[in-house]
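Okay, here's what each chain looks like letter by letter:
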Amino acid sequence: MLRRHVSGRDPGEDRVREAAHVGVEALIPAQKAQKVLRHSVRGQVLDALRAALFDGELAPGEIYSGPALGERFGVSATPVREAMQQLALEGAVECLPNRGFRVLSRTPRAMAELAEVRALLEVPVVLRLARAVPAEAWAALRPAEAAAAEAAGAGDAAGYADADRAFHREVLSLGGNAQLVSVAQDLHRRSQWPLPGVARARRAELVADAAEHAALLEALIEGDLPLVEQVLRRHFGMS
């Protein structure tokens, strides 16, 4: 296993965060790969692949092999294949026997359908929770909202995608339905994969989206149900 810093954080986590900014090739130094537990390597590879997909480094329609990506990462092909299989479950790639994995292309219609399903799932749940969850429980979500706002303010699109999902997860988790949270998170992640040829969200767009989180949270804390519904409908593109 890798030694941990005094803070208790796995240094592998720091490499993953760095890889999201400097590219997947910086993920795991080859000479240290064998010192990391297999499941840890898989998680690091998965995070780096997600970042590469989000940033467009792995292009839609292209085919990538496990051994070739493993060589880039300094790991064996096994954790790469395991990570790619997870991405296939998430709808980002498709498995091609004896060839590798093809990055799937998304269409505007498919993305609109995902957004509609997310709205049909999340909006009624949050409206129900707004009537039952006390203000102090909503106030406890301020750190999650602030993390999203910070990523948006920095123009960090990949970081904002993670923080956005985390905020929605914290909101839905107050309902105590783990299966609903899992389904909603899967839909949310699928809806974040970029469309081919479409530029990533600009800083102003990220800030505007994060501002809706803040407005929603304040309305929930205040118990202003009409405003909660108004913000939710705007956030999910229903108005």
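Residues numbered from 1 in each chain as written. Predicted model: local features only at pLDDT ≥ 70, side-chain atom pairs only at ≥ 80, totals over all residues. Heavy atoms only, no water.

**Q** Break down helix α5 (residues 108-132) for me, citing the residues and quoting the values.
**A** Here α5 spans 36 Å end to end across 25 residues, near enough to the 36 Å set by a 1.5 Å rise per residue. Buried within α5 are the following residues: Met 111, Leu 114, Arg 118, Ala 119, Glu 122, Val 123, Val 125, Val 126, Leu 127, Leu 129 and Ala 130. Buried positions along α5 lie against α6 (135-139), α8 (157-173), α9 (178-192), α10 (203-222) and α11 (225-235). (Helix = DSSP H or I, 4+ residues; strand = E, 2+ residues; numbered from the N terminus. Expected span 1.5 Å × (residues − 1). Buried < 20%, exposed > 50% of the residue type's maximum accessible area, 1.4 Å probe, protein only. Contact = heavy atoms within 4.5 Å.)

**Q** Residues and numbers for the pattern of salt bridges, please.
**A** Scanning the model with the defined rule gives 11 salt bridges in all. The salt bridge partner of Arg 50 is Glu 90, with a shortest N-O separation of 2.3 Å. With Arg 50 in helix α2 (residues 38-55) and Glu 90 in the loop between α4 (77-89) and β2 (93-96), this pair connects stretches of sequence that are 40 residues apart. Arg 50 gets classed as buried once you look at its relative accessible area, which sits at 17%. Judged by its relative accessible area of 4%, Glu 90 falls in the buried class. (Salt bridge = Lys/Arg side-chain N within 4 Å of Asp/Glu carboxyl O.)

**Q** With reference to specific residues and values, describe the environment of Arg 189.
**A** Residue position: Arg 189 is located in helix α9. We classify Arg 189 as buried; its relative accessible area is 18%. Sequence separation of Arg 189 and Gly 91 is 98 residues, and the distance between their C-alpha atoms is 9.3 Å. Residue contacts for Arg 189: discarding those within four places in its chain leaves Arg 50, Glu 90 and Arg 165.

**Q** Tell me what's going on with α9, and back it up with residues and numbers.
**A** With 15 residues, α9 should reach 21 Å at 1.5 Å per residue; the first-to-last C-alpha distance of 21 Å fits that figure. Those residues of α9 lying buried are Leu 180, Val 181, Ala 184, Gln 185, Leu 187, His 188, Arg 189 and Gln 192. The N-cap of α9, judged by a side-chain oxygen 3.1 Å from the amide nitrogen of Gln 179 a few residues on, is Asn 177. (Polar contact = N/O pair within 3.5 Å; in protein donor to acceptor, adjacent residues only side chain to side chain.)

**Q** Residues and numbers for the sheet that holds β2, please.
**A** Spatial strand order, β1-β3-β2: 3 strands in an open sheet with antiparallel pairing. Taken across any chain shown, the strands that pair with only one partner, and hence form the sheet edges, are β1 (63-64) and β2. Note that β2 and strand β3 (residues 100-103) share 4 bridges and pair antiparallel. Bridging from a neighbouring strand, Glu 94 pairs with Arg 102 of β3. Its contacts with the sheet put α4 on β2 and β3, and the angle it makes with β2 is roughly 125°. (Pairing = 2+ DSSP bridges. Axes fitted to C-alpha atoms, helices over the stretch in contact; angles between N-to-C directions.)

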